[in-house]
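Below, each chain spelled out in residue letters.
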Amino acid sequence: MSELKEDYVDVLIVGAGPAGLMLANWLSRFDIKTRIVDKRGTKIFNGQADGLQCRTLEIFDSFDFAHRVWRESNHMLEIWFWNPDKDGILRRSDRIADTIPGISRFQQVVLHQGRIERFFLDSIKEHSDITVERGVLPTTFEFDEAKAADFEDYPITVTLRTLSEEEATPAQRQQHHRRADGTQSVINDGLFRSNLAADDTDDLIRVAKANNNASSVETVKAKFMVGCDGAHSWVRRQLGFKLEGDSTDYIWGVLDIVPITDFPDIRHRCAIHSANAGSVMVIPRENKLVRLYIQLQVTEHAQSGGKADRSWITPEVILQSAQRIMHPYKINYTYCDWWTAYQIGQRVGDHFSLRERVFLAGDAVHTHSPKAGQGMNVSMQDTYNLGRKIAHVVKGYSEGSILKTYQSERRRVAQDLIDFDHRLSRLFSGRPAKDGANEGVSMEEFKNAMEKGNEFASGIVVNYGSSIIVAKEGDSVEQGDGTEVAANLQRRVVSKTHLATKIDIGKRMPSFKVLNQSDARPWHLQELLKSNGRWRIIVFPGQLTQPQNMQRIQKLGDQLGSQDSFIRQYTPSDQLIDSLIEVLTVHAGPRTGVELLDLPEAFHPFDEEMGWDYWKVFVDDQSYHEGHGQAYFNYGIDPIHGAAVIVRPDQYVSWVGEVDDYEDMARFFSGFMRVQDSSKPKSRVVKLWSVLLKPALITSRRQLSGVGATPTPPVQHDRL
């Protein structure tokens, strides 16, 4: 009998949907051995999730592929409300902006999940040799508690089995649709990924074991494992964790079609409430497609306390419901790209991790209706939060204590999402109230909920509580999910929020235009905050033409640039000085009143091979062609006094303080960073330039990033 193959990895990711790919994409930026497996034999080519919110696009931009999404997607600019009049006839009643103006440099767009996954796969390939192993299923799990506290050990043992092509291909019902011209088309359903479908993992394991092919089995030992394997999560079941919440009897169908209709607003996002037939949400898509979320009124198929019987659901049934709801307007199709159905429910996991070594993310720990456009977004933002934390612990840059903040931060977000979706889905599914009636849903209340929901759904309002990596007042237990993640009292730092009154500690750093000091080119500040694992200290020294401000920045520069500065202590000696903590400067102008080389070297590091760094000092000043960003005003910073801001590698604000408060900065980082070995050889630039910097510089010049097709900053922002 042959021995089982055995492999050791830093991170094992189970599930290659958007959450799993976001995590793999983060880890591709580090030299970390990662494997990602998925039981399905192929990626998604159509259907599934489609909405992408502002914050998600900002994250994509930090990985340099937001421009691809922006170009291919359909842009959502308005929401129209259609409600019954006093005679029960469907009428336009109101409209609102789909994205709150000014909340972000991006707006909501829609693009099907398969394209998003393709962009992730391309990004991962560009930065690493990580590949998705499809048709690979975990079958057993063991966890060694004795090894959990040692982050260099491998407490996780998983058996992986490679499935045959037949086993890895889910069974789908084929529906025959009669076109308007009398011909028929065959449509594969999307129910196998719906919450109405039973989990088939155990069946796959039994079949695979029965085949008894030992060559298809291997053992993997991992430092970390992350379950991104959906609502039926196998990983969650191995941990014994549960989803807590409830389901409703509301069943909704979904059609992705090229519509044939006289409904006038088919290319707007629409919320349609009929008098008695239910509700429809219209989502205009790319490539002439329109997605319809359609309330199915037949609830007698629901089993008592369980899932609905799905055998009666067909595209014809869903379309007929849409036709009843949208009457007197007509709607039909000859082309259907995808369809599915789901039962509304809101549930959140009781735990997000096991000893900070096994984590759950995405649908594995929160499920809800898709009408708020949050499923894919929140799932990806879970692993965006987690990825660099795991990477920094694996690389020895940070203490393992930062991993506790994942559950504290993201479980609170999930709980807020469940509360929001619970209210919105019931308002959407309820029957409209008639004038003067006490029963039914108030359409004014529904509109108000949508307006407030747009702010929540944007992702911009996420506000992480006090912790070792968020220096804000208050109790970390109350501000999070109940997990204790506070800093040691001796190392705790509290922000001076009055110095930047429009920057919220714990929220993502807002973005406004600033000019490069060296060449006057305008940049959005967020464009400088690439997702490469770096912490940032952003210094806002005020007007440097004021002698006292120049003295303060000189003092800070001397401290940050000294041989025993905290930046040097936490940076491996064989890496560039800004590879873990980068210093950016935004002064208040005027640009012509300051010479770059008059500032201390800490603000524009010198390299013997590459010369001065011209991409770290910026100014809040008038652009020749793009106006004035008014950054100081928009951040609430006094240009006479200034401030300093510490921003996390995921662009969230950790600390605000005085420009020259070096001691507070040092104390903050001492709460979770690990002092590096100074005995390593200080070979610095030649290998890094040839292997990393030169290719990255070429790439940065040809890649586009974000709205307006703006090139990414040069290589100084892509080195880790």
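Residues numbered from 1 in each chain as written. Predicted model: local features only at pLDDT ≥ 70, side-chain atom pairs only at ≥ 80, totals over all residues. Heavy atoms only, no water.

- The chain appears in an unreviewed UniProt entry as dna, SC010 from Aspergillus oryzae.
- Within the UniProt record for the chain, the comment given under Sequence similarities (unreviewed entry) is "Belongs to the PheA/TfdB FAD monooxygenase family." (UniProt positions renumbered as here; feature names shortened; annotations may be inferred.)

1. Focus on the overall build of the chain
Point 1. Regarding its fold elements, the chain presents 17 helices and 34 strands.
Point 2. Residues counted as buried form 60% of the 720 residues belonging to the chain.
Point 3. Sequence-distant contacts, at least 24 apart, represent 75% of the contacts inside the chain between residues at least 6 apart.
Point 4. Accessible surface, the chain as shown: approximately 28,700 Å² in total, 47% of it carbon and sulfur. (Helix = DSSP H or I, 4+ residues; strand = E, 2+ residues; numbered from the N terminus. Buried < 20%, exposed > 50% of the residue type's maximum accessible area, 1.4 Å probe, protein only. Contact = heavy atoms within 4.5 Å. Areas by Shrake-Rupley, 256 points an atom, 1.4 Å probe, with all protein chains shown as cover.)

2. Remarks on the sheet that holds strand β24 (residues 535–540)
Point 1. In space, the seven strands of this open sheet follow the order β23-β22-β28-β25-β24-β31-β32, with mixed pairing throughout. The strands lining the two open edges of the sheet, one partner per strand, are β23 (522–524) and β32 (653–657). Going from strand to strand, the sheet's axes swing by 30 degrees on average, the running direction of each strand aside.
Point 2. Relative to strand β31 (residues 643–647), β24 runs antiparallel, the two sharing five bridges. (Pairing = 2+ DSSP bridges. Axes fitted to C-alpha atoms, helices over the stretch in contact; angles between N-to-C directions.)

3. Focus: the sheet that holds strand β3 (residues 51–52)
Point 1. What the three strands build is an open sheet, ordered β3-β7-β4; its pairing is antiparallel. The open sheet is flanked by β3 and β4 (74–75), the only strands paired with a single partner.
Point 2. With two bridges connecting them, β4 and strand β7 (residues 109–110) associate as antiparallel partners. The residue of β7 that forms the bridge with N74 is V110.

4. Looking at the packing of helix α1 (residues 18–27) against helix α4 (residues 113–127)
Point 1. Where α1 meets α4, the axes come as close as 9 Å, and the angle between the chain directions of the two elements is 20 degrees. Here α1 is positioned roughly parallel relative to α4, judged by the angle of their axes. Relative to α4, the crossing made by α1 is left-handed. The residues of α4 that touch α1, namely those facing P18, L21, M22, A24 and N25, are Q113, E117, F120, L121, S123 and I124.
Point 2. Classifying every residue of the contact of α1 with α4 by side-chain character gives seven nonpolar, three polar and one charged. (Parallel < 35°, antiparallel > 145°, perpendicular 65-115°, else oblique. Left-handed = near helix turned anticlockwise from the far one by under 90°. Nonpolar A, V, L, I, M, F, W, Y, C, P; charged D, E, K, R; others polar.)

5. Details of the nonpolar core
Point 1. Ranked by size, the top nonpolar core spans 165 residues in total, and within it F60, M509, F566 and F669 carry the most contacts.
Point 2. Counting residues domain by domain, this core receives three or more from each of domain 1 (5–397 + 418–458) and domain 2 (497–671).
Point 3. Leaving out residues up to four positions away in the same chain, F566 has contacts with I537, L560, I581, Y662, M665, A666 and F669.
Point 4. One finds L90, A277, V290 and A341 within the second-largest nonpolar core, a separate group that totals 29 residues. (Core = buried A, V, L, I, M, F, W, Y, C linked by side-chain atoms within 4.5 Å. Domains from an automatic or database assignment.)

6. Regarding the packing of helix α13 (residues 547–561) against helix α16 (residues 662–670)
Point 1. In the contact formed by α13 and α16, the axes pass within 10 Å of each other and the chain directions differ by 35 degrees. The residues of α16 that touch α13, namely those facing L556, Q559 and L560, are Y662, E663 and M665.
Point 2. Considered class by class, the residues forming the contact of α13 with α16 number four nonpolar, one polar and one charged.

7. Remarks on the packing of aromatic side chains
Point 1. Taken as a whole and assessed by the stated rule, the structure comprises 31 aromatic pairs.
Point 2. The interplanar angle of 45 degrees and the centroid separation of 6.4 Å between the aromatic rings of F65 and F119 together place this pair among those described as tilted. Here F119 lies in helix α4 and F65 lies in the loop between α2 (54–62) and α3 (66–72), a separation of 54 residues in the sequence.
Point 3. For F119, a relative accessible area of 0% corresponds to the buried category.
Point 4. Judged by centre distance (6.0 Å) and plane angle (50 degrees), the rings of F669 and F672 are tilted. As far as burial versus exposure is concerned, F669 and F672 are alike and both buried.
Point 5. Through pairs of rings, three or more aromatic residues link up here, namely W535, F566, Y662, F668, F669 and F672. (Phe/Tyr/Trp six-rings, centres within 6.5 Å; stacked < 30°, edge-to-face > 60°.)

8. Describing the environment of A631
Point 1. With respect to the helices and strands, A631 occurs in helix α15 (residues 631–635).
Point 2. Separated by 91 residues in the primary sequence, A631 and F540 place their C-alpha atoms 9.9 Å from one another.
Point 3. Every residue in contact with A631, bar those within four places of it in the chain, is listed here: F512, K513, V514 and D620.

9. A few points about unusual backbone geometry
Point 1. Put simply, H327 and P328 share a cis peptide bond, and its omega is 15 degrees.
Point 2. If you trace the backbone, P328 turns up in the loop between α8 (315–326) and β18 (331–349).
Point 3. For the bond from G589 to P590, the omega torsion is 0 degrees, close enough to zero to count as cis.
Point 4. Inspection of the secondary structure assignment puts P590 in the loop between β25 (581–587) and β26 (606–607).
Point 5. Its identity is not glycine, yet Q651 carries a phi of approximately 75 degrees, on the positive side.
Point 6. Within the element layout of this structure, Q651 appears in the loop between β31 and β32.
Point 7. Judged by relative accessible area, Q651 falls into the buried class, the value being 1%.

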